[in-house]
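These are the residues of each chain, in order.
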Amino acid sequence: MALAVMLLNGASFRAGCCRHKVLLSSLGPLLSNSKLYSSYRRPGAEPEKKLSWQNADFSFKKGIDHLKTQLSLLKKETQDYLQGLGGHPLSQHLLEQTRVLWQFRSQEDLNKWVISSDVEIGGKSKVYIKLGRNNQTALLYGTLNTEAPRDGETKYSGYCSMRSRPAVGSFNRKKYYDWSNFNSLYLRVRGDGRPWMVNIYTDPYFSHQKDDLYSYFMFTRGGPYWEEIKIPFSKFFFSSRGRVQDNQHPVWLDKASFLTLGFTIGDKVDGPFQLEIDFIGLLNDRAHREEFAYETYDKN
């Protein structure tokens, strides 16, 4: 009898957990300041006592406003789909040689990006972003500090980054970039002579691939002059958790490949840094014929 009671209690507990997970997934747009998508906690930090679902806002008015916004987005997406790829006619899509992805002319353009630093792991680096002169550029600046936090676990520190927010469609659906018509990344920047890493973050099929990314270096020459940088996608190499992988393959440029683009500085040099960005775009260089710059290996 006691065994039967224990089994029934365990079954009801598991059912309650499942219902709780379903409720959290359905209330995604209403959750504010939740930690559902980040399981990292600094060593020695106390866990949060307040459950994530307790941060949900059950306001009926906000729910109606959110529904109206999503329906308007769905209407625009339907119109763009009926018009052609990316809202452009098919003939224009096939003949397109350049495309501007991001430009920085207002605070709304800056809100499409997220900045981060080693403060997340207890470091002391600082990073900021603001509009440049005459509100025509984005100015990324800060101070790099390679002093590792004294938590007994972290050995290295000293990085700052800027990363685009994932594109979201109506009703919080994931949107993917289709860059298959181009072969190079094209930027107009003005730096201070320090090297940067350009990262393309993928959308993995499995959880163990969440740290996979494609990277390549961007060297700024410093000085008062702007420079236009062209990085072929064939130059990007594959890495995971900061380690370059032996099994290399080119970036998949179709719409099922990646979500965001980012810039990271971590050259182990303490001091201030600055990077000013005019625009970030794509280029179809007809003279570039290289498919992949690195040696690949056949699996046995």
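Residues numbered from 1 in each chain as written. Predicted model: local features only at pLDDT ≥ 70, side-chain atom pairs only at ≥ 80, totals over all residues. Heavy atoms only, no water.

Identification of the chain as Complex I intermediate-associated protein 30, mitochondrial from Hippolais icterina is taken from an unreviewed UniProt entry. Looking at the Subcellular location (unreviewed entry) heading of the UniProt record, one finds this comment for the chain: "Mitochondrion". UniProt lists a comment for the chain under the heading Sequence similarities (unreviewed entry), and it reads "Belongs to the CIA30 family." (UniProt positions renumbered as here; feature names shortened; annotations may be inferred.)

Here's the deal with the packing of aromatic side chains
As enumerated under the stated definition, the model contains 15 aromatic pairs in all. Here Phe 217 and Phe 237 contribute two aromatic rings whose centre-to-centre distance is 5.9 Å and whose plane-to-plane angle is 40°, an arrangement assigned as tilted. With a gap of 20 residues between them, Phe 217 in strand β8 (residues 212-219) and Phe 237 in strand β10 (residues 237-240) connect regions that are remote in the sequence. What makes Phe 217 partly exposed here is its relative accessible area of 38%. Counting every residue linked through ring pairs, the aromatic cluster contains Trp 179, Tyr 216, Phe 217, Phe 219, Phe 233, Phe 236, Phe 237, Phe 292 and Tyr 294. Over the face of the ring belonging to Tyr 201 we find Arg 163, whose NZ or CZ atom lies 3.7 Å from the ring centre. (Phe/Tyr/Trp six-rings, centres within 6.5 Å; stacked < 30°, edge-to-face > 60°. Helix = DSSP H or I, 4+ residues; strand = E, 2+ residues; numbered from the N terminus. Buried < 20%, exposed > 50% of the residue type's maximum accessible area, 1.4 Å probe, protein only. Lys NZ or Arg CZ within 6 Å of the ring centre and 35° of its normal.)

Comments concerning the environment of Asp 298
Along the chain, Asp 298 falls in the segment after β13 (271-283). Given a relative accessible area of 74%, Asp 298 falls into the exposed group. For Asp 298 and Asn 247, which are 51 residues apart along the polypeptide, the C-alpha to C-alpha distance reads 8.8 Å.

A look at the pairing of β8
Here strand β7 (residues 195-202) pairs with β8 via 7 bridges, running antiparallel. Residue pairing in the sheet places Tyr 201 in a bridge with Leu 213 of β8. Taken together, the 4 bridges between β8 and β10 define a ladder with antiparallel strand orientation. Bridged to Leu 213 within β10 is Ser 239. (Pairing = 2+ DSSP bridges.)

Looking at unusual backbone geometry
If you check the backbone angles, Asn 135 has positive phi at about 55° while not being a glycine. Along the chain, Asn 135 falls in the loop between β3 (126-131) and β4 (138-144). Under the relative-accessibility criterion, Asn 135 is labelled partly exposed at 41%. Positive phi values are uncommon outside glycine, yet Arg 241 reaches one of about 55°. Here Arg 241 lies in the loop between β10 and β11 (243-244).

As for the nonpolar core
Counting residues in each nonpolar core, the largest one holds 37 residues, and the members touching the most others are Phe 104, Leu 185, Leu 187, Met 218, Phe 236, Phe 263 and Ile 280. With 5 residues, the top contributor of residues to this core is β13. For Met 218, the contacting residues outside a window of four places in its chain are Leu 187, Arg 194, Pro 195, Trp 196, Val 198, Ile 229, Ile 231, Phe 263 and Leu 275. (Core = buried A, V, L, I, M, F, W, Y, C linked by side-chain atoms within 4.5 Å. Contact = heavy atoms within 4.5 Å.)

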